[in-house]
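# A structural walkthrough
Here is what each chain is made of, one letter per residue.
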Amino acid sequence: MIVLSASNLGKSYGTDVILENISFHINAGDKVGIVGVNGAGKTTLMNMLTGEMEPSTGSFFVSQDISVGYLKQRDHFDPNKTVIEEVSGIFSGLDEMEIEIANLNKRIAEIAEEQNPAEEQRLWNRLNSLQLEFERKGGYTYKSEITGVMTSMGFGEASHSMKTGSLSGGERTRLALACLLLRKPDILMLDEPTNHLDIGTLKWLEQYLKNYRGTIILISHDRYFLDSIATHIFDVENHGLTIYAGNYTEYVEKKRALREAAMRAYNKQQIEIRRQEDLIRGYKERGTEKLAKRAASREKRLAHVERLEKPTGENASIKINFNQKFQSGNDVLLGENISYGYPLSGKKLFKDINFDIKRGERICIIGDNGTGKTTLLKIMMGDFSPDSGYVKTGHNVEIGYYDQGQMLLNDELTVIDEIHNEHRLLTDGEVRNILGRFLFRGDMVFNQVKGLSGGEKARLSLLKLMMSGANLLILDEPTNHLDIASKEAFEEALMEYPGTVITVTHDRYFLNRIPNRIFELTSDGLTEFLGKYDYYLDKKARMESANAYIRSFAADAGSEQSIEKSADDIIKNESKLSAKEERELQKKVEAEARKKEREQSALMEKIEELEALIEEAEKEMCLQENASDYEKLRRLSQEVSDWRAELDSSYDRWMTLTDG
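The text that follows walks through the structure, step by step, so that each part is easy to find. Note that this is a predicted model, so its numbers are computed, not measured.

### Let's talk about the overall build of the protein
Helix and strand counts for the protein come out as 20 helices and 18 strands. The principal-axis extents of the C-alpha atoms in the protein amount to approximately 110 × 80 × 60 Å. In the protein, buried positions account for 44% of the 660 residues. In the protein, of all internal contacts separated by at least 6 residues, the share reaching a separation of at least 24 is 70%. Carbon and sulfur atoms make up 48% of the accessible area of the protein, which amounts to about 34,200 Å² in all.

Here's what the structure looks like:
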């Protein structure tokens, strides 16, 4: 079933064409990822589809009775309302309906004794219709859903009373996303939904959207997220739209293959055209009447050949390479027993942090929002002093820092002056050439920094970092605001960089390419994992399984003292497990996964069965022949109530398994 379609959509401002001839259709249940470089027109397309912007040409169609929800890059919360007031407003009226249902049940019980069948029937009819409407609006599950979604989005009970006006930009984005998910529209439109989410929340959101029954259209530069969610990719490029079936990785491969095929076809045609032109030229040069006729005939056929257009090149991306002025010593940073707390409250942010970073390593630091990752970077650089412990910087170490907020840029300067201020020996021409490599061309170099977009500021900060010649790069969320092409160019440059890299990031695609070690930061310290993100996930799963396995073994043995190694020892030294222990752990992990899948499948069958029973009972309650059978109606009403309670319990358990 087609829920949304567009025909020849276009948007332009005077002679400036943003999009043109955009046509597509989206079926119910599709999960569409929209990709393209910054400025390609992705948000413009989304704004047209939501009705927030009028197209210049063409039209689009949304099926009747289809609800649409849109997560914008900017929210419209009332700053005087609390977090819970904003969320509860989504379900306005359900509290009143719940009270009326309770009152009707009470009144029906009373009137049964008064022997007034007509009034009792009227009340039953009202109760049945009200219960159906209450269920349709999610009345039986909305409170648990609010708790589940809000907690998963990082809003515990303590934050419910906060005014929305006091929330940070990241918190407002998460709240807007939570509100939209709770509304459950038929078509969910999301513009950069992964911004400001930590890895734990990202994983929860991925699982939630995978199981979302509606249609999803999302703009994202998060390649890992697109790989997990998307069933189709819409590529916005050169004012047009190309559609690819599959996720992001499949899109990249298909786009490359299509471009190569188009280039081969173009080159083959060009060779044939040149051959025909050479033959025509040869016939004409010989000057005979017969050959002249042949030349004319070939010219006529050649004129009717449909010429293939040369495939456009890849979109322009930044050209970046990191060089170091001089090499550092082998020992770059050593940290021992570092702890840090909030200066005013004295509450510890983290403690017992230890690390030993060597030249040439690429370290990525991950952890939940609020664990102190940026603070740890500041301590590493010497900007903050730890409450206890120390950091020792190695010989010849020169630090270059990328700040996720671009606070190191001067808003009042122009782009060209921002570079000139630190590199006064370069001529204007040299600076403009360098800026051109980072897509600052023409008069853009005279724009003030404060007027740049987030992506442009990110590129300018990376350019300054590239020109610093540092041998230790400390990067705080460097891929935020970069489009996919710029991310990939940046990653290639980091992999070729001979110096040392320490990065805080939530970008899991980046985490699967760059690090050779991952540090996971919690309030209790730093846990080190060799390798990249997928290995980290596998190792974490095996560590957790090892912990459960050892505790289970200890319980069976009657005492933890009967085990040679403690659970903590196994976790910290899991790589030292024997081959037999590895096999045992792997079997246990696989068995637990199979058990979980079986339970999820059984729960879904149970949920479907309960929903069918409730639907059938409610239909039976509405039948005219049962209208005066009060005993049957009471029995059915009680059964429906019991089944709904069981349904809520099944849903809660299924969500627990899904989140786990």
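Next comes the rest of the write-up.
### Comments concerning the nonpolar core
With 67 residues, the main nonpolar core has Met-153, Leu-175, Leu-181, Leu-190, Leu-205 and Leu-209 as its most contacted residues. In contact with Leu-209, not counting residues within four places along its chain, are Lys-31, Leu-181, Leu-188, Leu-190, Ile-216, Phe-225 and Ile-229. Counting residues in each nonpolar core, the second largest holds 46 residues, with Tyr-224, Phe-440, Ile-514 and Tyr-533 among its members.

### Concerning the pattern of salt bridges
Per the stated rule, a full pass over the model turns up 32 salt bridges. Between Glu-100 and Arg-126 there is a salt bridge whose closest N-O contact spans 3.0 Å. Linking Glu-100 in helix H3 (residues 94-112) with Arg-126 in helix H4 (residues 117-136), this pair joins segments that are 26 residues apart in sequence. Overall, the relative accessible area of 30% leaves Glu-100 in the partly exposed class. Accessibility expressed as a relative area gives 34% for Arg-126, which makes it partly exposed. For Arg-517, the salt bridge identified is with Glu-528, shortest N-O distance 3.0 Å. Of this pair, Arg-517 sits in strand S17 (residues 517-522) while Glu-528 sits in strand S18 (residues 525-530), and the two are 11 residues apart along the sequence. Residue class for Arg-517 comes out buried when judged on its relative accessible area of 8%. Using a relative accessible area of 42% as the deciding quantity, one classes Glu-528 as partly exposed.

### What about the sheet that holds strand S14 (residues 399-402)?
Strand order across the open sheet formed by six strands is S14-S15-S16-S12-S17-S18, with mixed pairing between neighbours. Edge positions in the sheet fall to S14 and S18, since each has one partner strand and no second. Here the average twist between neighbouring strands, direction ignored, is 15°. Strand direction decides the pairing type here: strand S12 (residues 362-366) and strand S16 (residues 500-504), joined by four bridges, are parallel. Paired with Arg-362 across the bridge in S16 is Val-501. Most of the contacts of helix H11 (residues 373-381) go to strand S15 (residues 472-476), to which it runs at about 155°, and overall it touches S12, S14, S15, S16, S17 and S18.

### A short note on the side chain of Glu-456
Relative to the helices and strands, Glu-456 is located in helix H14 (residues 454-468). Within the buried core, Glu-456 has no salt-bridge partner, and the shortest N-O distance to an opposite charge, that of Arg-459, equals 4.6 Å. Setting aside chain neighbours within four positions, we find Glu-456 in contact with Phe-440 and Met-444.

### Some remarks on the packing of helix H13 (residues 428-437) against H14
Where H13 contacts H14, the axes come no closer than 10 Å and their chain directions differ by 120°. In terms of orientation, H13 and H14 fall into the oblique class. By crossing handedness, the relation of H13 to H14 is classed as right-handed. Here H13 contributes Ile-434, Leu-435 and Arg-437 to the contact with H14, which in turn contributes Leu-460, Leu-463, Met-466 and Met-467.

### Notes on the packing of aromatic side chains
Taken as a whole and assessed by the stated rule, the structure comprises 14 aromatic pairs. Centroid distance Tyr-224 to Tyr-533: 5.6 Å. Interplanar angle 85°. Geometry classified as edge-to-face. Note that Tyr-224 is positioned in helix H8 (residues 223-229) and Tyr-533 in helix H17 (residues 533-557), a separation of 309 residues in sequence. Looking at Tyr-224, the relative accessible area reads 17%, which means it is buried. With a relative accessible area of 1%, Tyr-533 lands in the buried category. Judged by centre distance (6.1 Å) and plane angle (75°), the ring pair of Phe-322 and Phe-490 falls under edge-to-face. Residue Phe-322 is located in the loop between helix H10 (289-303) and strand S10 (331-341), and its partner Phe-490 is located in helix H15 (residues 484-496); the two are separated by 168 residues in the primary sequence. Through pairs of rings, three or more aromatic residues link up here, namely Tyr-224, Phe-529, Tyr-533 and Tyr-536.

### A look at H3
For H3, spanning 19 residues, the distance from its first C-alpha to its last is 27 Å, which sits close to the expected 27 Å at 1.5 Å a residue. Within the sequence span of H3, burial applies to Leu-94, Met-97, Ile-101, Leu-104, Ile-108, Ile-111 and Ala-112. Projected down its long axis, H3 shows its buried positions confined to an angular sector of 105°, all on one face. In H3, the exposed positions angled more than 90 degrees off the buried face are occupied by Glu-96, Ile-99 and Lys-106.

Cut-offs applied
Residues numbered from 1 in each chain as written. Predicted model: local features only at pLDDT ≥ 70, side-chain atom pairs only at ≥ 80, totals over all residues. Heavy atoms only, no water. Helix = DSSP H or I, 4+ residues; strand = E, 2+ residues; numbered from the N terminus. Buried < 20%, exposed > 50% of the residue type's maximum accessible area, 1.4 Å probe, protein only. Contact = heavy atoms within 4.5 Å. Areas by Shrake-Rupley, 256 points an atom, 1.4 Å probe, with all protein chains shown as cover. Core = buried A, V, L, I, M, F, W, Y, C linked by side-chain atoms within 4.5 Å. Salt bridge = Lys/Arg side-chain N within 4 Å of Asp/Glu carboxyl O. Pairing = 2+ DSSP bridges. Axes fitted to C-alpha atoms, helices over the stretch in contact; angles between N-to-C directions. Lys, Arg positive; Asp, Glu negative; His and termini not counted. Parallel < 35°, antiparallel > 145°, perpendicular 65-115°, else oblique. Left-handed = near helix turned anticlockwise from the far one by under 90°. Phe/Tyr/Trp six-rings, centres within 6.5 Å; stacked < 30°, edge-to-face > 60°. Expected span 1.5 Å × (residues − 1). Arc of directions from axis to C-beta.

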